[in-house]
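Here's the letter readout for the chains.
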Amino acid sequence: MFGPLVAKPGSSKDNKTGSWRMLKKPRFLHENCVGCGMCKLICPEACIDKKDKNFYEPDYSYCKGCGLCSYICPKKDIVMVKEEE
Amino acid sequence: MRKFLEGSHAVAEAVKLSRVGVISAYPITPQTHIVERLAEFVANGELNAQFINVESEHSAASVVLGAEATGVRAFTATSSQGLILMSEVLFNIAGLRLPLVLVCANRALSSPINIWNDHQDAVALRDSGWIQLYAENNQEVHDFIYQAYKLAENPEIMLPVMVNMDGYILTHGMEPVDIPSQEEVDKFLPPYTPPYKLDVENPLSMGLLGDPTVYLETRYAIQKTLEDVLKLIPKIGEEFKSIFGRKGITLLEKYKIDDAEDVIVAMGSVCGTVKDFIDKKRKEGLSLGLLKIVTYRPFPKKEIFNLLKDKKNVFVLEKAISLGSDGPLYTEIKSLFENSLPKICGFIAGLGGRDITFNTLEEMLTIGRKEMVSSYFLDVNHTLLRDKFFV
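Being a predicted model, the structure only gives us computed values, none of them experimental. (Residues numbered from 1 in each chain as written. Chains lettered and ligands numbered in written order. Predicted model: local features only at pLDDT ≥ 70, side-chain atom pairs only at ≥ 80, totals over all residues. Heavy atoms only, no water.)

A.B. asks: Before we go on, may I ask you to explain the confidence of the model for chain B in this structure?
C.D. replies: Atomic detail in the predicted coordinates should be set aside for any region of low pLDDT. With 99% of its residues at a pLDDT of at least 70, chain B reaches an overall mean of 95. Both scores are available for the predicted complex, with the pTM at 0.88 and the ipTM at 0.82. (pLDDT = per-residue confidence, 0-100.)

Okay, structure coming up:
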C-alpha cells in the first residue's frame, strides 16, 4: 500500500503559503516607487510581480508576510500593516 | 560451486551475482571486508558497477538513496556507529519506499568503544520501516541477499531490507558456502524495473513536504505493506528453494519445538550454539526446543503466538536491551500473551502533526471496547491510499 509520495513538477503552486501569514502583511503604497525591483528580487516566495512601470504587487495567496520587501524598499514605499487593515 | 569463505566474502559474492549498479560505503570494523572485496570486483572488471567512495556513512547512505531513486539496484554495508550515523537517511529510504538492501555487520554501540558483536545497532533501528532479517550462518547471509532484493523490489512492497549478520562470528568466520551460477541467480532475480524513478524525460519530485493532512497515511501505508511482507516472505522462500534446492527465507525457524515443553527464543548466529545445547540437554532428558526469529521486522506475531502458546517456559535470549525498560524482543513476545484483565489496546494517532480531536478519542473508545487491537491507526483518510505507486 502506498500513500502520497511523489508529485509532478509545479505542485508547489497548489500549496497556498499565504495561509501561513500571521499578524502583518505588506501594503504597497504606489507613491514613491522608482521601479528598482528590489522587492521582487528579495521575495523568498517569488510572489511579487511587476504589473506596470513603477508598479509592483504581491500575490497574497502566497505571501507569508515575512516583511523583507518592506525592509529592502529604498523609498519606504512598502509598509507592513495589520492583516485586517 | 562450494567455496570456503568468510561471511563477508560470501556477502560480496552474492552482491556481485545480484548485478548491483551502484555501491557506496564507508569502512568500519567488522564490515570492511565486504566492501573491500566488492571494490576489488569493480576494479578488476568482474562487477560492472560504480563504487563511490565517500567521507562518512551518512554520505554512503545518501548516495545509495540517490541511486535507488534513479531506478538503479544499489548496495551498502555498515556496522554499529556507522549504522547509527546513517539512521537519518535510513528513515528517509523507507519513507521514500526505495528497495535498497543493506548488510549490517552487527556490533555493539559506544561508549565504551567496543568492536564485538551484539544486536544493539540494528535493534535501535527497528522502528524505521525497514524489513530486518537475521542470519545464522554464512550460507544464510549469502542466500538472504538475493531474496532481500526480490522481496524489496516487489512492486507492491517497495521497502528496504536490512540483512543482519553477526560481526566477527559470521563476517570473519570461515564456512563452506554454496555459490550459485549467474544463470541461476538471473532466473530468480530479474533486472530491477522501478515503478517510478527520477528521470529528466519524465520529471517528478520525491521527498516532498508531507503536511498534517497526508503524513499519517504514508506511515499507515508502510505498516499495512509490512503486513503483506509477512505473507510474501514464505512464498519467496519457496521459490528460492525450487531453484537453488536450499531452504529459503522464512519468518521463523523451528528446532525441535513441536514436542518441547520449554523453548528458547533467539536471533542470529547464537542459534547454532543453542541448537547444539538443545541436543545435549535432550540427551539428559530435558524437553527443550528453539524458536529462531529470522524476520524481526515485520514481527511475525501470530506465528510466534501459535508456536509458544502451549509451552511451559519461554526463555528469550537477546543481544540488545532497551535501557531503562527490558529487552525489546522480550517486551514484544510478552505483549502477545496478555490474557488477563485489563485488556490493553494500542492506538496510533497524531503522526506528522495531525490533530488529535474528541472525534479521534471517540473512535479509540469505540474500537477499543469492541476489538482487540495493538497498532490501530486513528483518523486514516483512505482516499489518499492506493495499492500501487501513484502521482
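A.B. asks: For this particular structure, what's the right way to read the sheet that holds strand S13 (residues 295-297) of chain B?
C.D. replies: Hydrogen bonds between backbone atoms are what pair the strands of a sheet, whose relative direction is either parallel or antiparallel. Residues and elements named next belong to chain B. Within the open sheet, the seven strands sit side by side as S3-S2-S4-S5-S7-S6-S13. Their pairing is mixed. Strand pairing shows two members of the sheet lacking a second neighbour, strand S3 (50-53) and S13, which therefore form its edges. The average angle at which neighbouring strand axes cross in this sheet is 20 degrees, direction not considered. The pairing of strand S6 (residues 131-134) with strand S7 (residues 161-166) spans four bridges and is classified as parallel. Residue pairing for S7: Ile131 is matched across the bridge by Val161. Running over the sheet, helix H3 (residues 57-69) touches strand S2 (22-25), S3 and strand S4 (74-78) and is turned about 160 degrees from S4. (Pairing = 2+ DSSP bridges. Helix = DSSP H or I, 4+ residues; strand = E, 2+ residues; numbered from the N terminus. Axes fitted to C-alpha atoms, helices over the stretch in contact; angles between N-to-C directions. Contact = heavy atoms within 4.5 Å.)

A.B. asks: Whenever I open this one, helix H4 (residues 80-95) of chain B confuses me. Can you help?
C.D. replies: One turn of the α-helix equals 3.6 residues, which is why residues spaced by three or four share an orientation. Residues and elements named next belong to chain B. With 16 residues, H4 extends 22 Å between its outermost C-alpha atoms, agreeing within 8% with the 22 Å of an ideal straight helix rising 1.5 Å per residue. At Ser87, H4 is bent by approximately 60 degrees, the largest bend along its length. When we look at burial in H4, the residues that qualify are Ser80, Gly82, Leu83, Met86, Val89, Leu90, Ile93, Ala94 and Gly95. Elements in contact with the buried residues of H4: H3, S4, strand S5 (101-106), helix H5 (120-123), S7 and helix H8 (215-244). Positive backbone phi, at 60 degrees, marks Arg97, one or two positions downstream of H4. (Expected span 1.5 Å × (residues − 1). Bend = angle between axes of the 7 residues up to and from the residue. Buried < 20%, exposed > 50% of the residue type's maximum accessible area, 1.4 Å probe, protein only.)

A.B. asks: Got a minute to help me understand the state of the cysteines in this structure?
C.D. replies: Two cysteines form a disulfide when their sulfur atoms are joined by a covalent bond. Within this structure, the stated rule accounts for zero disulfides over all chains. Of all cysteine sulfurs in the structure, the one in Cys43 of chain A sits closest to Cys66 of chain A, which takes part in no disulfide; the separation is 6.3 Å. Cysteine Cys104 of chain B remains unbridged, with the sulfur of Cys271 of chain B as its closest cysteine sulfur at 17 Å. The class for Cys104 of chain B is buried, based on a relative accessible area of 0%. (Disulfide = S-S within 2.5 Å.)

A.B. asks: How should I be thinking about unusual backbone geometry in this particular structure?
C.D. replies: Excluding glycine, a negative phi dihedral is what most residues carry, and trans is how most peptide bonds are arranged. Backbone torsion omega between Thr29 of chain B and Pro30 of chain B reads 0 degrees, so that peptide bond is classified as cis. Inspection of the secondary structure puts Pro30 of chain B in the loop between S2 and helix H2 (32-43). For the bond running from Arg297 of chain B to Pro298 of chain B, omega is -5 degrees, close enough to zero to count as cis. With respect to the element layout, Pro298 of chain B can be found in the loop between S13 and helix H10 (301-308). Not every positive phi belongs to a glycine, and Leu23 of chain A is a case in point at roughly 65 degrees. Looking at the element boundaries, Leu23 of chain A is found in the loop between strand S1 (6-7) and strand S2 (24-28). For Leu23 of chain A, a relative accessible area of 71% puts it in the exposed group. Look at Lys256 of chain B: it is not a glycine, yet its phi comes out positive at around 50 degrees. Mapping Lys256 of chain B onto the fold places it in the loop between strand S10 (252-255) and strand S11 (262-266). Owing to a relative accessible area of 38%, Lys256 of chain B belongs among the partly exposed residues under this scheme.

A.B. asks: Would you mind going over the sheet that holds strand S14 (residues 313-316) of chain B with me for this structure?
C.D. replies: Residues and elements named next belong to chain B. The strand order across the open sheet built from four strands is S10-S12-S11-S14, with neighbouring strands paired in mixed fashion. Edge positions in the open sheet fall to S10 and S14, since each of these has one partner strand only. With strand direction ignored, the average angle separating the axes of adjacent strands in the sheet is 20 degrees. Where S10 meets strand S12 (residues 288-293), four bridges bridge the pair, whose relative direction is antiparallel.

A.B. asks: Is there a simple way to think about the interface of chain A and chain B in this case?
C.D. replies: One frequently used descriptor of interface size is the decrease in accessible area upon assembly of the parts. On the chain B side, the residues contacting the ten residues of chain A number 32 residues. A combined buried area of about 1700 Å² lies between chain A and chain B, and 66% of that area is made up of carbon and sulfur atoms. Taken as a group, Met1, Phe2 and Val6 of chain A account for 50% of the area that chain A buries against chain B, more than any other trio of residues on that side. The tally of links between chain A and chain B comes to five residue pairs in polar contact (both at pLDDT 80 or more). (Buried area = accessible area lost by both parts, 1.4 Å probe. Polar contact = N/O pair within 3.5 Å; in protein donor to acceptor, adjacent residues only side chain to side chain.)

A.B. asks: How should the packing of aromatic side chains be read in this particular structure?
C.D. replies: The relation between two aromatic rings is expressed through the spacing of the ring centres and the mutual angle of the planes. Residues and elements named next belong to chain B. The full count for this structure, using the stated rule, is eleven aromatic pairs over all chains. Summarising the aromatic geometry, the rings of Tyr220 and Phe377 are spaced 5.3 Å apart at their centres and angled 75 degrees between planes, so their arrangement reads as edge-to-face. Of this pair, Tyr220 sits in helix H8 while Phe377 sits in strand S16 (residues 376-377), placing them 157 residues apart in sequence. For Tyr220, a relative accessible area of 11% translates into the label buried. Members of the aromatic cluster, joined through ring pairs, are Tyr146, Phe188, Phe240 and Phe244. One residue, Arg297, lies across the ring of Tyr296, its end atom 4.6 Å from the ring centre. (Phe/Tyr/Trp six-rings, centres within 6.5 Å; stacked < 30°, edge-to-face > 60°. Lys NZ or Arg CZ within 6 Å of the ring centre and 35° of its normal.)

A.B. asks: Help me out: how do you make sense of the side chain of Lys25 of chain A in this one?
C.D. replies: Residue and element names in this part refer to chain A. Its place among the elements puts Lys25 in strand S2. Polar side-chain contacts of Lys25 include one of 3.5 Å to the backbone oxygen of Glu83. Every residue in contact with Lys25, bar those within four places of it in the chain, is listed here: Tyr60, Val79, Met80, Val81, Lys82, Glu83 and Glu85.

A.B. asks: Any chance you could explain the layout of surface pockets here in plain terms?
C.D. replies: One way to see where empty space is left: roll a probe the size of a water molecule over the atoms. The calculated volume of the largest pocket comes to roughly 1900 Å³. Taken together, 50 residues form the lining of the largest pocket, with Gln223, Glu227, Lys301, Ser374 and Ser375 of chain B sitting closest to its centre. Those elements that place two or more of their residues in the lining of the largest pocket are H8, H10, helix H11 (328-334), strand S15 (347-348) and S16 of chain B. With nine residues, the top contributor of residues to the lining of the largest pocket is H8 of chain B. A per-class count over the lining of the largest pocket returns 23 nonpolar, 13 polar and 14 charged. Quantified by volume, the second largest pocket comes out at close to 810 Å³. Lining the second largest pocket are 29 residues, with Leu208, Leu209, Gly210, Asp211 and Val214 of chain B positioned closest to its centre. Elements with a minimum of two residues in the lining of the second largest pocket: S1 of chain A together with H4 and H8 of chain B. A per-class count over the lining of the second largest pocket returns 15 nonpolar, nine polar and five charged. (1 Å grid on protein atoms, 1.4 Å probe; cavity = no way out; pocket = protein on both sides within 12 Å on 5 of 7 lines; lining within 4 Å. Points joined across faces, edges and corners; volume = space filled by probe spheres on them. Nonpolar A, V, L, I, M, F, W, Y, C, P; charged D, E, K, R; others polar.)

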